[in-house]
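Spelled out from the first residue to the last, the chains are:
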Amino acid sequence: MKSAVQHSVLLVEDADKEKKKKRRSNRRSKQNAGAACSSVNETVGEASENLKSGSETKISTSYVNYASPKQQGSEKHVPNEEMPAKASNIAFNSMPIMHINETELGGVSSGQDEYAGDRILSKSWPEPIVQDISSGTDTYSFLHSQQIQASTQRKLFAPHWPVEAVTYALEKGEAFKALFRVNAYNRLEAYCKIDGVPTDILISGIVAQNRAIEGDTVVIKVDPFPLWTRMKGSSGSSNNSALAEGNLLPEVSESVASSNKGKGKMNADCENDEDMVEMVGSASYNYVNGDQSSAPDAPNVSSSGKQNDGTDAVGRLAAMVSSSPTKRPTGNVIAIVQKSSRRDAIVGFLNVKQWFSYKKDAKNKSCLSISDHGYIHLTPTDPKFPKMLVLSRDLPESIKKRLKDGDATVQMELVAARIDGWSEESYFPQACVLHTFGKAGELEPHINAILYENSIICADFSPESLSCLPHIPWEVPREELQKRKDLRNLCVFTIDPSAATDLDDALSVERLPAGTFRVGVHIADVSYFVLPDTALDLEAQSRSTSVYMSRGKLPMLPPLLSENLGSLDPGVDRLTFSIFWELNSSGDVVDRWIGRTVIRSCCKLSYKNAQDIIDGTVDGQGSHSSGDCPKLHGHFELLDVVKSVKCLHEISKILKKRRFDDGALRLDSFKVDFLFDEHGVPYDSVLNERTDSNFLVEEFMLLANTTAAEVITRAFPDSALLRRHPEPNLRKLRELEAFCQKNGLELDTSSSGQFHHSLETLREELKDDTMLFDILLLYALKPMQLATYFCSGELKDNVDDWGHYGLAVPLYTHFTSPLRRYPDIIVHRMMAAVVDAEKFYLKHLSVKAKHLNEVSGGCFTGICFDKDAAESQQGREALSTAALKHNIPCTEVLAGVAAHCNDRKLASRQVKDACDKLYTWFLLKKREILLSEARVLGLGPKFMSIYIHKLAIERRIYYDDVDGLIVEWLESTSTLVLSLSTHRRNKRGGTGYYRASGSVALIVNPYDPSMESEKKSVYGCGVRWVGDGEAAPQDLVANAKTGIDPGTFPLTLRLLSTISVALDAVGGDDGPLDIRARLYMSSYLR
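Residue numbers restart at each chain and count upward from 1, following the sequence in its written direction. Totals for whole chains, interfaces and linings use every residue, but because this is a predicted model, local features are given only for residues with pLDDT of at least 70 and side-chain atom pairs only at 80 or more, for both listing and counting. Calculated side-chain values reflect all of the structure's heavy atoms, with hydrogen atoms and water omitted.

Novice: Can you walk me through helix α16 (residues 638-661) in this structure?
Specialist: Residues that lie three or four places apart on an α-helix share one face, since the helix turns once every 3.6 residues. What counts as a helix is a DSSP run of H or I of at least four residues, what counts as a strand is a run of E of at least two, and both are numbered from the N terminus. What a helix should span is 1.5 Å times the count of its residues minus one. The end-to-end C-alpha distance of α16 is 35 Å, a good match for the 34 Å that 24 residues give at a rise of 1.5 Å each. Once α16 ends, the next one or two residues include glycine 663, with phi positive near 110°.

What follows is the structure in structure tokens.
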């Protein structure tokens, strides 16, 4: 078997050598070859759409060249994926323009292989396909014939390696396992992160990607060093030819699916503020400089085999990358070992217009029958996924009927699809349409599609799950009261968003005679109701987390539990898990107690209520300016609550200062809240900054989570469920430092603490330029990795990797939100097991009263952990018995639960981000045009990247090949000058097309005072609409009154320049939703 494996590997190596020979031979040949890097199907397909839509675009020829995996460098210009307005409703990408016949895109005319940037254009593959489609050729027929021709000519992709060969290559360090991530701006660029290697591996082109899909776990083979490409932003050509040195990032790219966009992640119903602190790792996939930062929330992927050869190979590769910082390692996919779940949840549009066109041009022009071998293209809304082929015979019957009836509105329907396969002979994967969501451009279908593609469970809770809960009305059983500490006479209250219904944490504080304070955090004891391995437990584990959207939520637990039995509503007895700390004036914990309790909250405070108390507008003595006074329950008065809140606020300030002095990092800024009408449609948005009341709750939740992590790790070192946050990407931190230095801003990222103090200094320095500081925060987030759950036994040999970078603590977990996070329920069970083990140990051990006093704080739960007691025979027996009683999972099972929770948490975050972007699109759609100021983040000869503070989003504006626009890029000074010209231009070197100026700028004319006054009242603010034959948007008048003045030509821009932009919502009828950004300019010229 081993010889067979070796033979397989030798065959691959021989094939590589043969390709090199062919490449050297081709360099000496004088044949002409095309250089487009995408499939002919996508190229001609997009061309046909332009022709059919009546566009002025002119395309005469299409050249296609297929490059081998090792011959692919950084793909610069991508047909189809770079056509305008082809963006995801999640990512809101502004896609670059495709130019088919432009020499600079790689069209080789010299008759020999050349370098297009860093990409080798080889003629070792079949001759280019040339097709003139400008004369009315039937494009759909051409697509169909080329698909068949390709399948009969040769295989387009190399076969995936067999399991034996893959295993051998991994063990010998000749291949590496990694997660496959795709650049949303350019689908032909994908990146694989290898643990231990500082730079991601570029997988460039469909051939090198070898049918891998976003989220697949793949095995890759890294190319030899001479084939590596230049790092974007280094010397040499780049996708933007060379973005200005000193850009905020060498190539500014929009984060995919979930980046923070400069705003907080918390929803109004998402009440636990420690989530805000973990925002430092909340960006899911950050494509900075074109690469994807590692995403620990994704499944944990080992990069190599267990043998030393694999480990040494990672070290050698890391050394090569470190020694050549300007080079980007490249590679190709040789196997897919685990297919992404996203393959089963594709959302897109069926391109039925081409299907109708093809059918009508057929011999039987009246025939719209569904053939067994016909197919329709499906275009995913997410640009990270390729176009797909759907066999028409496999369409749902409802769609078939509509097609037979000639219903072209099928094109406007959002559909759900599943990838069934991708053969070696096909340009596109084959998909199966499962159902439709409804008409695109309407709110509900898009929300349902977002939930679907993230595999969110929307179904009602099963009867079996609901049967696990007690009937209401329900009271705390008497026997349970006897087992718990009774705190019903303690002043306990909750602080949550005003609309919150699942209240899972409460606070209390007492001043002790010794001058210390006893602070209590009381968390809903959900584990009392959710017993291990019950139907309710399994369903909660499957959902893993509540999914929050601005308009509502999908709960992890049935509302009967999350909003009633378990919610800490005021005036009723509730079961809780409590942690008490005795704190001195310096914030030191001098003692603590942990156990199960019963509380009766005296009131529910909103964050605004608590802030009013902190600000002094509510004093508890009947004098307060706010009419929003909380309702009190029981014998406590408002003055008792006011004193407690003020006391907790003072303590929280001490804890917060200590935390940041110890090296914690704060990267949160503001968040955008949406306002909805009675129909659930957003009509406005507001920026909402966090207040002292938020920080008050946050500090004690963080302290509780840290305490819980310490307790369960000491008691169960191999089976504790913890949460870690790895250190950020070092290279990206250095790029951020370099940008700040170039612009006179001092930033030290040597540690999380220095990072925080530097940012706070800059916050003060930039207090008059808050937009720039928000931009810095946004880009400070991009190097950050995601915080993830893990089982301590998984990383027992790598304890240094357990820490939380953002919080600067060695141990951390989630304990405080069991109503909305499943990991918290597991941690509660672990805490209960430790408490029971402690009681069991002390009860059955004959000890002296003196020793009992010494361990009064708890030998397992106190601040002084008794390691000897835990390791004694009686201690081990007590912990083992308690673990069995509470069903604490073993290492392997817990690791699987952690991985699933990571996946679901990431999905929940992506849903929240996608819904926020969807609401933003609807707001813009309603307003037609939104004028705003923006800051330039990146500049180059073809496009600029901008940040719109009003919406907290990034956009790109492409200004290359625009009719009437003169672009001057001054490389030496990194300056861009845009001017208008009255002369129309022709493509140099052949036929082609220019985009209309309206695609890059909304241009108005300066108002002539001699014009009639009524015209001024129509257009407002001294400007006149001169759009390309379009009617003036009704919202232009209202927008103009906001004080956003148009720019003037010539427009000179440098990095961080402030510009005026016009934003509008595009797409929705038969394509992905997008937010378009254009320059807002004033000019007499046309």
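Novice: Even after reading the chapter, I still don't get the nonpolar core, so can you show me in this structure?
Specialist: Most often, soluble globular proteins have nonpolar side chains that are buried together. By convention a nonpolar core is built from buried Ala, Val, Leu, Ile, Met, Phe, Trp, Tyr and Cys residues, the set being connected through side-chain atoms within 4.5 Å. Per-residue accessibility, obtained with a 1.4 Å probe over protein chains only, is compared with the maximum for each type, and a residue is labelled buried under 20%, exposed over 50%, and partly exposed between these values. By size, the foremost hydrophobic cluster in this structure holds 102 residues, and its most contacted members are Phe493, Phe700 and Met831. Whether two residues are in contact is decided by their heavy atoms, any of which lying within 4.5 Å being enough. With residues near it in sequence (within four places) discarded, phenylalanine 700 still touches Leu507, Val519, Val521, Trp581, Leu648, Ile651, Ser652 and Leu655. Ile957, Phe1049, Ala1077 and Leu1079 belong to the second largest nonpolar core, which has 53 residues in total.

Novice: Before we go on, may I ask you to explain the environment of alanine 535 in this structure?
Specialist: Within the fold, alanine 535 resides in helix α13 (residues 535-543). Residue alanine 535 is classed as partly exposed on the basis of its relative accessible area, which comes to 30%.

Novice: What am I meant to see in the sheet that holds strand β13 (residues 375-380) here?
Specialist: What the five strands build is a closed barrel, ordered β12-β13-β14-β16-β15; its pairing is mixed. The sheet shows a mean angle of 55° between the axes of neighbouring strands, direction not considered. Criterion used throughout: strands pair if DSSP finds at least two bridges between them. The pairing of strand β15 (residues 413-421) with strand β16 (residues 430-439) spans eight bridges and is antiparallel. Following the sheet pairing, alanine 416 is matched in β16 by histidine 435. As a rule, the C-alpha atoms of each element are fitted with a line to give its axis, helices using only the stretch in contact, and angles between N-to-C directions run from 0 to 180 degrees.

Novice: So what exactly am I meant to see when it comes to helix α24 (residues 873-885) here?
Specialist: If you check α24, its first and last C-alpha atoms are 18 Å apart, about what 13 residues at 1.5 Å a residue would give, namely 18 Å. Buried within α24 we find Gly875, Ala878, Leu879, Ala882 and Ala883. Considered in projection along α24, the buried side chains sweep an arc of 130° and stay on one side of the axis. Counted as exposed and oriented over 90 degrees from the buried face of α24: Gln873, Leu884 and Lys885. In this fold, the buried residues of α24 make contact with α17 (692-715), α21 (822-844) and α23 (867-871). Looking one or two residues past α24, asparagine 887 carries a phi angle of roughly 60°, positive in sign. Along the arc lie the directions from the helix axis toward the C-beta atoms.

Novice: Quick question: what am I supposed to make of the pairing of strand β6 (residues 217-222) here?
Specialist: Across a regular strand the side chains alternate sides, sitting on one face of the sheet and then on the other. Burial within β6 is extensive, with six of its six residues counted as buried. Pairing of strand β3 (residues 176-183) with β6, which is carried by four bridges, proceeds in the antiparallel orientation. Residue pairing across strands places phenylalanine 176 opposite isoleucine 220, the latter belonging to β6. Where β6 lies against strand β11 (residues 331-338), six bridges are found, and the strand directions are antiparallel. Along β11, the bridge assignment pairs threonine 217 with glutamine 338.

Novice: Hey, could you run me through the pattern of salt bridges in this one?
Specialist: Side-chain pairing between opposite charges can occur once the charged atoms of the two side chains come close. Should a side-chain nitrogen of Lys or Arg be within 4 Å of a carboxyl oxygen of Asp or Glu, the pair is scored as a salt bridge. Taken as a whole, this structure holds 45 salt bridges when the rule is applied. The closest approach of N and O atoms between aspartate 916 and lysine 912, which form a salt bridge, is 2.7 Å. Taken as a pair, aspartate 916 and lysine 912 lie in helix α25 (residues 891-927) at a separation of four residues, close to a single helical turn. For lysine 912, a relative accessible area of 8% corresponds to the buried category. A salt bridge links aspartate 960 to arginine 995, with the nearest nitrogen and oxygen atoms 3.7 Å apart.

Novice: Looking at this structure, how should I read the packing of helix α19 (residues 752-765) against helix α20 (residues 770-781)?
Specialist: Working note: a packed helix pair is described by the angle between its axes plus the distance between those axes. Their axes nearest at 10 Å, the elements α19 and α20 cross at an angle of 160°. It follows from the interaxial angle that α19 and α20 lie roughly antiparallel. Every pair of crossing elements has a handedness; the one defined by α19 and α20 is right-handed. Across the interface between the two elements, Phe755, Leu759, Leu762 and Arg763 from α19 touch Phe773, Leu776, Leu777 and Ala780 from α20. Any angle from 65 to 115 degrees is called roughly perpendicular, while one under 35 is roughly parallel, one over 145 is roughly antiparallel, and all others are oblique. Here is the rule for handedness: rotate from the far helix to the near one, and if that takes an anticlockwise turn smaller than a right angle the crossing is left-handed, while a clockwise turn gives right-handed.

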